[in-house]
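# Observations on the model geometry
Residues per chain are reported as follows:
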Amino acid sequence: MDISTRRMINSLAEDILNVYDISVPIQNIGDIVEILGGTIQKETSFSDGAVEKEGDGFRIIVSPYQDEKRERFTIAHELGHLFLHMGYRTNKENNIYHRIGSSEKEYQANEFAAAFLMPASEYLTVLKRIADGNVVDTSKIAEYFNVSVEAASNRGKFLGYLRW
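To keep things clear, this report deals only with the structure shown in the data block.

### Observations regarding helix α7 (residues 149-158)
- What α7 keeps buried is the set Ala151, Ala152, Ser153, Arg155 and Gly156.
- On the buried face of α7, the contacting elements are α1 (3-19), α3 (68-84), α4 (104-117), α5 (120-130) and α6 (138-145).
- At the exit of α7 stands Gly160, carrying a positive phi of roughly 85°.

### What about the environment of Asp2?
- Inspection of the secondary structure assignment puts Asp2 in the segment before α1.
- On the accessibility criterion, Asp2 (45% relative accessible area) is partly exposed.
- Here the side chain of Asp2 touches Ser4 through a polar contact of 2.9 Å, side chain to side chain.

### With respect to the layout of surface pockets
- Considered as a void within the structure, the largest pocket measures approximately 490 Å³ in volume.
- Lining the largest pocket are 19 residues; nearest its centre among them are Phe73, Asn110, Glu150, Ala151 and Asn154.
- Every element with two or more residues in the lining of the largest pocket is listed here: α3, α4 and α7.
- At five residues, α7 tops the list of elements feeding residues into the lining of the largest pocket.
- Its residues placed into classes, the lining of the largest pocket shows seven nonpolar, four polar and eight charged.
- Its boundaries defined by the atoms lining it, the second largest pocket holds a volume of some 260 Å³.
- If you trace the second largest pocket, you find it lined by Leu124, Leu127, Lys128, Ala131, Gly133, Asn134, Val136, Thr138, Tyr161, Leu162 and Arg163.
- The element best represented in the lining of the second largest pocket is α5, accounting for three residues.
- By residue class, the composition of the lining of the second largest pocket is six nonpolar, three polar and two charged.

### Re the packing of α3 against α4
- With their axes 7 Å apart at the nearest point, α3 and α4 run at an angle of 115° to one another. Pair α3 / α4 crosses with right-handed handedness. On α4, the residues touching Arg72, Phe73, Ala76, His77, Leu79, Gly80, His81, Phe83 and Leu84 of α3 are Lys105, Glu106, Gln108, Ala109, Asn110, Phe112, Ala113, Ala114, Phe116 and Leu117.
- Its residues assigned to classes, the contact of α3 with α4 comprises eleven nonpolar, five polar and three charged.

### Concerning the pairing of strand β3 (residues 57-62)
- Extensive coverage of β3 is indicated by the burial of six of its six residues.
- Burial along β3 is two-sided: the residues Gly57, Arg59 and Ile61 and Phe58, Ile60 and Val62 are all buried.
- Pairing analysis gives five bridges linking strand β1 (residues 38-42) to β3, with the strands arranged parallel. Bridge pairing links Gln41 to Ile61 in β3.
- Strand direction decides the pairing type here: strand β2 (residues 49-54) and β3, joined by six bridges, are antiparallel. The residue bridging Val51 from the neighbouring strand is Ile60, located in β3.
- Hairpin connection between β2 and β3: a loop of two residues separates the two successive antiparallel strands, and Gly55 in this loop has a positive phi of roughly 60°.

Thresholds applied
- Residues numbered from 1 in each chain as written.
- Predicted model: local features only at pLDDT ≥ 70, side-chain atom pairs only at ≥ 80, totals over all residues.
- Heavy atoms only, no water.
- Buried < 20%, exposed > 50% of the residue type's maximum accessible area, 1.4 Å probe, protein only.
- Helix = DSSP H or I, 4+ residues; strand = E, 2+ residues; numbered from the N terminus.
- Contact = heavy atoms within 4.5 Å.
- Polar contact = N/O pair within 3.5 Å; in protein donor to acceptor, adjacent residues only side chain to side chain.
- 1 Å grid on protein atoms, 1.4 Å probe; cavity = no way out; pocket = protein on both sides within 12 Å on 5 of 7 lines; lining within 4 Å.
- Points joined across faces, edges and corners; volume = space filled by probe spheres on them.
- Nonpolar A, V, L, I, M, F, W, Y, C, P; charged D, E, K, R; others polar.
- Axes fitted to C-alpha atoms, helices over the stretch in contact; angles between N-to-C directions.
- Left-handed = near helix turned anticlockwise from the far one by under 90°.
- Pairing = 2+ DSSP bridges.

Rendered as structure tokens:
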């Protein structure tokens, strides 16, 4: 994914947070889905997630076998597909999206999820607060945003705040 696409995705995620007056860190992502016009359904036949537009709303389907942090990221990832690839509230077509492998669209949805759950400016604020010189305990960042340590670490690296 090129830098201009990454910037556009981050900007879109921040715009959605602002337009819908969503506070970060997000406490209950189910409430956010409801505010955006959707529902969440758990299905044992799913190993990850999917999103389907339904009329003027949508439904996110997730596996009940994910831990809370993974489920939150999966839901945010599906919101990424909804806004980036399905034209939610702008396009009546493209009604379902199922995750398939590691395509460019999957990377884009992951970028959206990270930007939605951990906006760049808020991430930097938390990073500065917990950093001890050049040492950063990413578990504290992960705890703040209620994401996995891996998600918090990757976000910091993609933002250029942490080293690979």
